[in-house]
Amino acid sequence: MFNSDFKNFLKNILNLDLDNDFIFIKDSNLKYIYINSKFSELFNISSENLLGKDDHFLISDKRLLEDCLKSDLAALKENHVISIEEAFGIKFKVLKIKISIGNNEFGVLGFAKLKN
């Protein structure tokens, strides 16, 4: 999905590792349209079971759900956002970027890494 130049940019400039960080893409309705294997492992869910669903399917804690929604909407409005989010008691540094997903629609590309 990503070429080596893009991977090197992410790793060297943004300190992201596509092989070890969690990656997802949501559509304009904030429903998942892509997750990588690390994301699938973390939530113990296959992409087939998550695609087309939103965060309500994954997150039961209302506060965490609101935080995720707030940062998704901020990314769509401001073009990108960096936040600290939590899942399963684990904190992540999350970069969310507004991207074009075709047909004049925008979505959210997210990169999450364990917060040190």
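Right, let's talk about the overall build of the chain for a bit. Within the chain, the regular secondary structure consists of 4 helices and 5 strands. In the chain, the succession of α and β elements from N to C terminus is α-β-β-α-α-α-β-β-β. Considering only contacts in the chain between residues 6 or more positions apart, those separated by 24 or more positions represent 32%. With an accessible surface of roughly 7200 Å², the chain has 50% of that area assigned to carbon and sulfur atoms.

Enumeration according to the criterion identifies 7 salt bridges in this entry. The partner of Lys-113 in a salt bridge is Asp-21, and the shortest N-O contact between them spans 3.3 Å. Remark: Asp-21 occurs in the loop between helix H1 (4–13) and strand S1 (22–26) and Lys-113 occurs in strand S5 (residues 105–114); sequence separation between them is 92 residues. For Lys-38, the salt bridge is made with Glu-41, and the minimal N-O distance between the two is 4.0 Å. With Lys-38 and Glu-41 both in helix H2 (residues 37–43) and 3 residues apart, the pair spans about one turn of that helix. With relative accessibility at 24%, the residue Lys-38 sits in the partly exposed group. Residue classification places Glu-41 among the exposed residues on the basis of a relative accessible area of 54%. Linked through salt bridges whose partners overlap, the residues forming this network are Lys-26, Asp-55, Asp-72, Glu-85 and Lys-96.

Structurally, the position occupied by Ser-40 is in helix H2. Owing to a relative accessible area of 19%, Ser-40 belongs among the buried residues under this scheme. Discounting residues that sit within four places of it in the chain, Ser-40 has contacts with Ile-35, Ile-45, Ser-46 and Ser-47.

The next point concerns the sheet that holds strand S3 (residues 80–87). On the basis of which strands lie adjacent, the open sheet formed by 5 strands has the order S2-S1-S5-S4-S3 and antiparallel pairing. The sheet is open, and its two borders are formed by strand S2 (32–35) and S3, each paired with just one other strand. Adjacent strand axes in the sheet meet at a mean angle of 25° when their direction is disregarded. As paired elements, S1 and S2 share 3 bridges and run antiparallel to each other.

Consecutive side chains of a regular strand alternate in pointing toward one face of the sheet and then the other. With 5 of 5 residues buried, S1 lies mostly within the body of the structure. Alternating residues of S1 divide into Phe-22, Phe-24 and Lys-26 and Ile-23 and Ile-25, and every residue in both groups is buried.

To continue, consider the packing of aromatic side chains. Aromatic rings in a pair are described by how distant their centres are and how their planes are angled relative to each other. Applying the stated criterion across every chain, the model contains 5 aromatic pairs. Ring-pair connections join several aromatic residues into one group, and the members of that group are Phe-24, Tyr-32, Phe-39 and Phe-43. The ring centre of Phe-57 lies 4.8 Å from the NZ or CZ of Lys-53, which sits over that ring. Over the aromatic face of Phe-106 sits the side chain of Lys-98, whose NZ or CZ is 4.5 Å from the ring centroid.

Rules used throughout
- Residues numbered from 1 in each chain as written.
- Predicted model: local features only at pLDDT ≥ 70, side-chain atom pairs only at ≥ 80, totals over all residues.
- Heavy atoms only, no water.
- Helix = DSSP H or I, 4+ residues; strand = E, 2+ residues; numbered from the N terminus.
- Contact = heavy atoms within 4.5 Å.
- Areas by Shrake-Rupley, 256 points an atom, 1.4 Å probe, with all protein chains shown as cover.
- Salt bridge = Lys/Arg side-chain N within 4 Å of Asp/Glu carboxyl O.
- Buried < 20%, exposed > 50% of the residue type's maximum accessible area, 1.4 Å probe, protein only.
- Pairing = 2+ DSSP bridges.
- Axes fitted to C-alpha atoms, helices over the stretch in contact; angles between N-to-C directions.
- Phe/Tyr/Trp six-rings, centres within 6.5 Å; stacked < 30°, edge-to-face > 60°.
- Lys NZ or Arg CZ within 6 Å of the ring centre and 35° of its normal.

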